[in-house]
Structure formats: structure tokens, C-alpha cells
There are 2 protein chains.
Amino acid sequence: MIRVVLIGFGNVGFHLHKAIKASTNTEVVQVYTRKSKFPKKLPKDTPITNTIDDLFDADIYILTVSDDAIISVSQKLALDNKLVVHTSGNTSMHAIDKRHRRGVFYPLQTFSKERKIDFSETPLCLEAEHKEDMKLLEELSANLNCTAHKLSTDQRRSLHLSAVFVNNFTNHLYRIGHELCETNRVPFEVLKPLIKETANKIDDLTPFMAQTGPAKRGDNKTISKHLDLLENENHKKIYNTFTQLIAKLYGKEL
Amino acid sequence: MIRVVLIGFGNVGFHLHKAIKASTNTEVVQVYTRKSKFPKKLPKDTPITNTIDDLFDADIYILTVSDDAIISVSQKLALDNKLVVHTSGNTSMHAIDKRHRRGVFYPLQTFSKERKIDFSETPLCLEAEHKEDMKLLEELSANLNCTAHKLSTDQRRSLHLSAVFVNNFTNHLYRIGHELCETNRVPFEVLKPLIKETANKIDDLTPFMAQTGPAKRGDNKTISKHLDLLENENHKKIYNTFTQLIAKLYGKEL
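All of the points below concern the structure found in this document. If you're wondering where the values come from, they're calculated on a predicted model, not measured in any experiment.

Quick look at the overall build of chain A now. The helix and strand inventory of chain A stands at nine helices and eight strands. Counting the 254 residues in chain A, one finds 59% classified as buried. The long-range fraction of contacts in chain A, counting pairs at least 24 apart against all pairs at least 6 apart in sequence, stands at 54%. For chain A, the exposed area adds up to about 11,300 Å²; of that, 46% sits on carbon and sulfur atoms.

The subject of this paragraph is the side chain of Thr33 of chain B. Position of Thr33 of chain B among the secondary structure elements: in the loop between β2 (26-32) and β3 (48-49). Only 3.1 Å separates the side chain of Thr33 of chain B from the backbone nitrogen of Lys35 of chain B, close enough to count as a polar contact.

When chain B is brought onto chain A, the operation consists of a screw motion whose angular component is 180° and whose axial shift is 0.0 Å, with 0.0 Å RMSD remaining. The two molecules are tied by a two-fold rotation axis, judged by turn and shift. For chain B, the minimum C-alpha distance to the rotation axis belongs to Thr170 of chain B and amounts to 2.7 Å. A symmetric contact is evident, with 100% of the interface residues of chain B recurring at the interface of chain A.

Below, the discussion takes up the interface of chain B and chain A. On the chain A side, the residues contacting the 85 residues of chain B number 85 residues. Across the chain B to chain A interface the summed buried area is about 8,800 Å²; carbon plus sulfur atoms make up 67%. Counting the contacts that link chain B with chain A gives eight salt bridges. Taken together, the links from chain B to chain A amount to 36 residue pairs in polar contact (both at pLDDT 80 or more). Elements with a contribution of two residues or more to the side of chain B that touches chain A: α4 (153-183), α5 (192-201), α6 (207-210), α8 (220-229) and α9 (233-249) of chain B. Here the side of chain B that touches chain A takes 25 residues from α4 of chain B, the largest share from any one element. Looking at the side of chain B that touches chain A residue by residue, the class counts come to 39 nonpolar, 29 polar and 17 charged.

Residues and elements named next belong to chain A. For strand β1 (residues 2-7), the tally of buried residues reaches five of six residues, placing the bulk of the element in the interior. Here six bridges tie β1 to strand β2 (residues 26-32), and the two strands are oriented parallel to one another. The partner of Val4 across the bridge, within β2, is Val28. Crossover connection from β1 via helix α1 (residues 11-22) to parallel β2: handedness right-handed. The pairing of β1 with strand β4 (residues 60-63) spans four bridges and is classified as parallel. When the sheet's bridge partners are listed, Val4 is paired in β4 with Ile60.

What counts as what
Residues numbered from 1 in each chain as written. Chains lettered and ligands numbered in written order. Predicted model: local features only at pLDDT ≥ 70, side-chain atom pairs only at ≥ 80, totals over all residues. Heavy atoms only, no water. Helix = DSSP H or I, 4+ residues; strand = E, 2+ residues; numbered from the N terminus. Buried < 20%, exposed > 50% of the residue type's maximum accessible area, 1.4 Å probe, protein only. Contact = heavy atoms within 4.5 Å. Areas by Shrake-Rupley, 256 points an atom, 1.4 Å probe, with all protein chains shown as cover. Polar contact = N/O pair within 3.5 Å; in protein donor to acceptor, adjacent residues only side chain to side chain. Least-squares fit on C-alpha atoms with pLDDT ≥ 70 in both. Buried area = accessible area lost by both parts, 1.4 Å probe. Salt bridge = Lys/Arg side-chain N within 4 Å of Asp/Glu carboxyl O. Nonpolar A, V, L, I, M, F, W, Y, C, P; charged D, E, K, R; others polar. Pairing = 2+ DSSP bridges. Right-handed = clockwise from strand over helix to strand, strands pointing away.

Written as C-alpha cells, this is what we have:
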């Protein structure tokens, strides 16, 4: 049995807690939150504290606090030679106070409290100072049915950056699609199968192979019709930027 | 039984032919292609011609030619009072020669010959001059197990434009993610669950609600770390454009 203390209960803490509760061979022995009011979403049978000096004994202490708080919170932990890991994509393992055995347990996923996650579909990016701690993190990943990847800080950082492109910016493109649909009184539902297929297509094809559309074809007529339709200057700017880049990538002149 | 002649055999023609073959109550009685060499991917039992004057009798003639060819090909069709539809998202129904009964049968999806499509997941955008033709197009859609939407030309055009954002540009963001992974020797596979979840999340949340990341939080520290990591000027430009737009949308100052 792997005993875990969760430090912080934001989006990552919430989903990680849920995944551990659903697994066998792992348990959340305690949750720490600095908030004086305990989160409603926490099941009553999980012990919770807001006193950082009152942490229970555990095998792994998982920090799910914000990136900025990793240094200060890890300094405050009154623990002796315990494995303390953070869950940040963009923070060095060495941000954790050096009194601890340090590691990283970064779930590469987009978490919102309102949306259920199949945690087993979440890749875990692991880093640890000591071999035996890496083994324990791998065991924890396996208990959650997750695929684990041993990655360096630089590799993890580049994934975190890539995630901003493929998730944050992609979602903003969906938002623009949503706006265009609303303006023209078309249900956004009609776009959803295309959105899904765009994501699923890369199972069979690289993004380079999967590309379609007027920019790839160098289809100036369609491009200028689209630019005429767009009223929002920001949407025009995005349209032009991507169109130029895609056309260039496929050797088309516009 | 609805009898269809397919005019053109590109990506759309290929997938539509396959979907009709798999359905009951509809058959492709003939395929026309202007190419002298017949496409290898066409099953041997489908009659094929490259003589436009030799078309068989059918209930619906579906043009899957390029947008530019719709006017000229429809003018050449030696048909009398037959239903001729095109499959273009961005072309008026009236591009079809007025000697025909005209309509539109636009499948909103991304088609590549190398990737199998579940056609029943493809929304069909329909338009027709005559009520009875709309009924026939709806019947054809139902035979393919597709959801059909009666849309005006303007609505269809706005969907076509939206599709460029949510498919073409999104796929280019995947391409950038792929490049960043390759540069840092991280398998692109690690990003795929996030890409899928980004697309599936909008089943439960609007894109506005689903947004996460440093731009939404106004997290300047992470943003400047990311900009330091990016070496490609085009990637920097995209990063800055989206970050500004997302921050503004959520009332954050950067």
C-alpha cells in the first residue's frame, strides 16, 4: 500500500485525489489545504488539515500547489528524509527544499473541476533524485493505470510549452469557431464531429500529413472569400498568420 | 432505392462512395472522372466513365469536383430536369447551371484518403431549390445514418470558415507541438491524450469554460519562461498573439 499526503486541493489535487481513491494499493491518508474553509468536494472520510505542522506519516508527499508556492511550501514541511514531489510542468525539481528527497510527478492533462477525467488516459512525467524513489513513483503511476515517462526537466518543460499550443491555443480556436457559429445562428454542435476527427486523425497520420484546407492547397480564391467574411480584426490576424505559415510549409505561394 | 451518380473522385468522392456502398437503400450507379486513368481505389463493380455525355440515369448527381470546376462541369452535364448537388462549403447553390434542379450536400468533415472515416459521424449541410429535392437529400442523409442540417448559403459559408479555424489551424498547432517534441527528443505520443481530451472536453463545457493555462491566469512568469524557450520566430508570434487574446478575454493584464 502506497500512502500519499496531498498538499493543495486545486484542480490537479481534486482529480488526483479522485483517481487515488478509485485505485487499489494506494490511499490518500491526508489532504492539506491552506484555506480555512475546507473544500466541499472532498469526501468526508479523507482526513484534512490546514495546519502544515500536522502532516501524517506517508510514503509520498505530493505538492499540487501553484508553481509559485512550491519553494515556500516545501520549506515549511516539517518532514525528515521523505519523498516530496511537485506536479508542475514548468518548475525544476530543485525548487523543492533540499532537506527532502525530491521528485516530480507531472500529469500532462487539462483539468477542470466541472469535467470528469479518465485519469488512466493521463501520461505522467516522472523525475526523481534517487533510483528507489523513481521506482516508487512508477509504482504509483501503475496503480493509477497510467503510462509513465521518465523525463528530464528540459524535456518536461518542452512538453509543458507544447501543451500550451495543442491545448490552450487549440481551445481558443474552438472559441473562435463558437463565436462565428453564434454570429451566424448555426448550432456549435455541427462543428463537434470535425473537432473530434481533427484530434483522432493524428492516430493514423502525422500532423504534417493530416493537414487539409485552402492554405495547404494555395487556394487564393477561398482565402480571400474567408477574409471578406471575417469582421473581427483579431480573427483576421489569426487567419492571416496561420494561412501564411501553412502555405509556406507546403511550398505554396499566396 | 436512391440511385446516385458521383461526378469526381477526389477525397470527398472516395469517402462518399465508400459510405454509400456500405449503406442499404442507396447505390452508386456510376462514377465520372475526367482523368483518363481510372482511380485504383475504386471497386471494380462500380461502373466508371470519363465521358461526360455518357452518364447513366439516376435520382441524384453529386458533384465532388473542386469549387472552381462546379460552374463548368454543371454546364456540361447533358441532363434534363435532374437534381444536381455540389458538396462545397463555400460555393453558392446557384453556381450549378440553372438548367438543373439545384441543391447542396456539404459534408462537414476533414477527408484524407489515408484515414478511414465513420461517415455517420459527419454532419451534412443541405440546401435545395425544391421541397421534394430537400426531402430526397434528407432521405439520402438518413440512409447514410448522418445528421442533416438545413442551412442557408450564408450559414454554410460561416461553418466552412469556422472549420478552417477548428480543423486547419488546430492541426497546424499540433504540427508545432510535434516540432517542439522532436527538437527536445520527447515522443509526440505523450501529447496525444491531451489533444483528445481538449477535443472531448467541449462535450461538457463551452470553449469559454474549458480554457485553462498561463494566459487565462495572467501568469506572466510562466509566459516569459515559455517565450525564452521558443526559438522559432513564427512560434513566438503565434504564442504572443494567442496569449494576448486569451488574457484579454478573461480580463487579465499582462
